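Given next are the chains, with one letter for each unit.
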Amino acid sequence: SSGINAEWPLRPGDTSDEIKLTDSDAVLIDSLQTNLSNEFDSPPPPVVEEGLDTIKVTVEKGDGTLQTLNVTIKQELLAKPFVGGWRHKESGKEYHNCFVQTLPKKYFCGETPKHCRETQTVTNKHVRSQTTSDTSTQMTKTGCWVSDRQDKIIVPGKYVTADEKFCYMLRQVIILQSYFRRWKAQRYVNSIRQDHIRRIEWEKKEEERKRKEKERRLKEEYQRRMQPLSKEDFDLVYHALELWRREEIENINATKSGPERKAALAGLMDEETQLIASIQRHKLIAKKDNGKKAKRGFLEKCAAPKEWIGFDGMPTKMDTPYTMRAKDLKMTYDSLEKRYLTREERLDILLQLKLTVKEHDCKLTKDIVELIDREADLLMRGSKEQNLEGLRQRISTLFLQYIKTPLFNAEAANLLKVPEDPSSLRKDIYYCRGCGNYLPSTDFELTTNARSIGRCRKCKNLDSEGRLREDFSRYRSLLRSIRATEESFNDHSRIIFLLTEADLRYLAENIWGAQSVLSQWEDTYDLTLVRWSRRQEWSPWNCVLLTNEEARAHSKLVKPEEAYGPVFTQKIKYRHILGKQYFSSMPKLSDYMSKNLQSVNMPLPSNAEKIMYGGRKKEEKLSLPALAEAQ
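Residues numbered from 1 in each chain as written. Predicted model: local features only at pLDDT ≥ 70, side-chain atom pairs only at ≥ 80, totals over all residues. Heavy atoms only, no water.

**Observations concerning the overall build of the chain**
A tally of regular secondary structure across the chain gives 17 helices and eleven strands. Within the span of the chain, comprising 631 residues, buried residues form 26% of the whole. A sequence separation of at least 24 residues applies to 53% of the contacts in the chain between residues at least 6 apart. Entry remark: accessible area of the chain is about 46400 Å², with carbon and sulfur atoms responsible for 53%. (Helix = DSSP H or I, 4+ residues; strand = E, 2+ residues; numbered from the N terminus. Buried < 20%, exposed > 50% of the residue type's maximum accessible area, 1.4 Å probe, protein only. Contact = heavy atoms within 4.5 Å. Areas by Shrake-Rupley, 256 points an atom, 1.4 Å probe, with all protein chains shown as cover.)

**A look at the nonpolar core**
Counting 28 residues, the largest nonpolar core has L504, L507, W512, L529, W538 and V544 as the members making the most contacts within it. Listing elements by their share of this core, those giving two or more residues are α10 (473-489), α11 (501-511), β10 (527-531), β11 (543-547) and α14 (566-583). Among residues more than four places away in sequence, those in contact with W512 are L507, V517, L529, C543, V544, L545, I572, R575 and H576. (Core = buried A, V, L, I, M, F, W, Y, C linked by side-chain atoms within 4.5 Å.)

**Concerning helix α4 (residues 259-303)**
Counted at 1.5 Å a residue, the expected span for α4 with its 45 residues is 66 Å, and the 66 Å between its end C-alpha atoms agrees. For α4, every residue scored as buried is listed here: A264, L268, E272, I279, A286, F298, L299, C302 and A303. The secondary structure elements touched by the buried residues of α4 are α3 (231-255), α5 (321-337) and α8 (389-403). (Expected span 1.5 Å × (residues − 1).)

**Quick word on the packing of α3 against α4**
For the pair α3 and α4, the least separation of the axes is 11 Å and the interaxial angle reads 170°. Viewed along their axes, α3 and α4 adopt a mutual orientation that is roughly antiparallel. For the contact of α3 with α4, the per-class residue count stands at 14 nonpolar, three polar and six charged. (Axes fitted to C-alpha atoms, helices over the stretch in contact; angles between N-to-C directions. Parallel < 35°, antiparallel > 145°, perpendicular 65-115°, else oblique. Nonpolar A, V, L, I, M, F, W, Y, C, P; charged D, E, K, R; others polar.)

**Regarding the side chain of E242**
Note that E242 resides in helix α3. Residue classification places E242 among the buried positions, given a relative accessible area of 3%. Each residue touching E242, except ones within four places of it in the same chain, is listed here: R467, L468 and R469.

**Things to note about a nonpolar patch on the surface**
There is a patch of nonpolar side chains on the surface, built from V122, F166, L170 and I174 and spanning about 360 Å² of accessible area. Within the secondary structure, I174 is located in helix α2 (residues 162-226). (Patch = residues over 30% accessible without salt bridge, like charges linked within 9 Å, V, L, I, M, F, W, Y side chains within 5 Å. Salt bridge = Lys/Arg side-chain N within 4 Å of Asp/Glu carboxyl O.)

**Overview of the pairing of strand β7 (residues 315-318)**
As judged from the four bridges shared by strand β6 (residues 306-309) and β7, these two strands associate in the antiparallel manner. When the bridges of β7 are listed, I309 appears paired with P315. What sits between the antiparallel neighbours β6 and β7 is a turn of five residues, in which G313 has the positive phi angle 85°. (Pairing = 2+ DSSP bridges.)

**A short note on the confidence of the model for the chain**
Across the chain, the average pLDDT comes to 79, with 77% of residues at 70 or higher. Predicted confidence in the chain is weakest over helix α16 (residues 608-613), with a mean pLDDT of 33, and strongest over α2, with 94. Throughout residues 1-50 the model reports pLDDT below 50, and contacts reaching past four residues in sequence, or to other chains, amount to 62 contacts. Considering only residues more than four positions removed or in separate chains, one finds that residues 598-631, a stretch of pLDDT under 50, has 38 contacts. (pLDDT = per-residue confidence, 0-100.)

**Brief notes about the packing of aromatic side chains**
Enumeration according to the criterion identifies ten aromatic pairs in this entry. Relative to F444, the ring of Y430 has its centre 6.2 Å away and its plane inclined at 80°; by these criteria the two rings are edge-to-face. Of the two residues, Y430 is situated in strand β8 (residues 429-431) and F444 in the loop between β9 (438-440) and α9 (457-468); the sequence distance between them amounts to 14 residues. F444 sits in the buried class, given a relative accessible area of 6%. Between Y431 and Y438, the aromatic rings sit 5.1 Å apart at their centres with planes inclined by 55°, giving tilted as the arrangement. According to the relative accessible area criterion, Y438 is exposed, its value standing at 61%. Here the aromatic cluster, defined as three or more aromatic residues joined through ring pairs, consists of Y333, F399, Y402 and F408. We note R217 situated over the ring of Y525; from NZ or CZ to the ring centre the distance is 4.0 Å. A cation sits over an aromatic face here: K283 above F234, 5.7 Å from the ring centre. (Phe/Tyr/Trp six-rings, centres within 6.5 Å; stacked < 30°, edge-to-face > 60°. Lys NZ or Arg CZ within 6 Å of the ring centre and 35° of its normal.)

**Details of a positive patch on the surface**
Among the surface-exposed residues, K288, K292, K295, R339 and K404 lie close enough to one another that they form a single positively charged patch. With respect to the secondary-structure elements, K404 resides in the loop between α8 and β8. According to the relative accessible area criterion, K404 is partly exposed, its value standing at 34%. (Lys, Arg positive; Asp, Glu negative; His and termini not counted. Charge placed at Lys NZ, Arg CZ, Asp CG, Glu CD.)

**Remarks on the side chain of N409**
For N409, the position within the fold is in the loop between α8 and β8. For N409, a relative accessible area of 0% gives the class buried. Looking at N409, its side chain comes within polar contact range of the main-chain oxygen of I403, at 3.3 Å. Every residue in contact with N409, bar those within four places of it in the chain, is listed here: C302, Y322, A326, L329 and I403. (Polar contact = N/O pair within 3.5 Å; in protein donor to acceptor, adjacent residues only side chain to side chain.)

The structure is reproduced here in structure tokens:
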């Protein structure tokens, strides 16, 4: 076994102290009894001597006698390595070498670095030593003859001095170092080459992505110009019309003069009038389509079931009596809007509608029932479809008004913007200087530097279509992206939510020159305004106009002053001063700047009070929403 610390075999006449076993006697060991318990009722107890376990083993000698041996077993807590052994083919017993009782060799791993210049540098050390060497030889002499058949003749070669050997070793070391450094240089060059290839591929992908994005944007703009639907689309059309008009005027002024110029300008005005009339026709069509979509969305929202996220994370939907009522009204309205029906189908729809509205008795339901009876009478008389269009439109309009009434459709109360107290409509009424009407405050649009109420939205839109014709679609998307970025910081940024598209346009064009401060890139669709310092919130005095790629790199800088240098930083600080001077006159920002922006060391203008209140007295100052409401 692995615990035997002796060598075999036993021979007749040997004592226990002289017993030794060899490898040739392994067969004799196999002849031992396989189960020692057959000789004893229980295994012999171990004998402990000086901390070692000793057991007695009885073996059979070659002459048939039995010999009892004391075998010492050394207990080790560590796992002993397997260093070889053999297994009997017949009995299957395994025999291990006795070397397993020896502790494993401990290898010393020092902390001396092995891959450095010092390990490749030879350190000379001169030590003198004299060693003794005793030799002897024998040669033929009188009375002794030695054969010389196996003798070899040795011819001395060139003698190499210690300096020559050192120089040879040095040359070989230099060769090894040159090959090693060449291998390292090749690895470095290959890594640079792979980076360069990846960079070229990335640039190609970016160019392709930009090209596709530009094509998609131009296609969308062309589609918006050809089929305008929203107010932003019509602003884009009017802006294109204004650019065309200016270009034509410049061309006429450069090529014609006198009566010809006046005639050309008159013709240009007639052509512009025709284009405006065409745009207005498209506007009426878009308004009609948008009204249908709004009606459809209102009915779908009323009939939608209640939905929430359950405990298992899955959406749960539930229909209430109110939503089921709204769904029935929606189905009735959809059937009422169908065209190309037979007379019997139309009469069935009118009968169902009549039963629905007769559940309530009021003036609205009476008008609907009266119109239903009128259409049914005309159908029975065989009237044509085109003669009934106006009557059917009146029935649909009144029934839609019936659906929007919270008394008949409880779900409509959650979607209509009707105040609970009608007397509240009398508050916040202002006079419009354009149309001369008294309108609620929601019909007025205040800019950040507004000093008075001014004109309503309708008058401003009409003035923009007639004179200015500005397009803020690009700055509207830019403002939306900046607000989304500021929300991701989650540091209570507020100023960006107070600015409008016109303010952002002034900041980008008048202060930053509508181009990147690094690359002078002028495509506004590739530019964005990011924070100059990440530790402070976004503001006109803490921003910089860069391209999208430059903005991503700039956002990783912790201290931009150290990265860009003093000259470029001074240029940016000058732009920040201009932005602070312009936007400090805003009523909604003046109080915020004076209280919360102590880090910007620039005092407010001396006439700040006059600018804040627009030349009025403090008692007559303009009432504006708080910062939290504005956000």
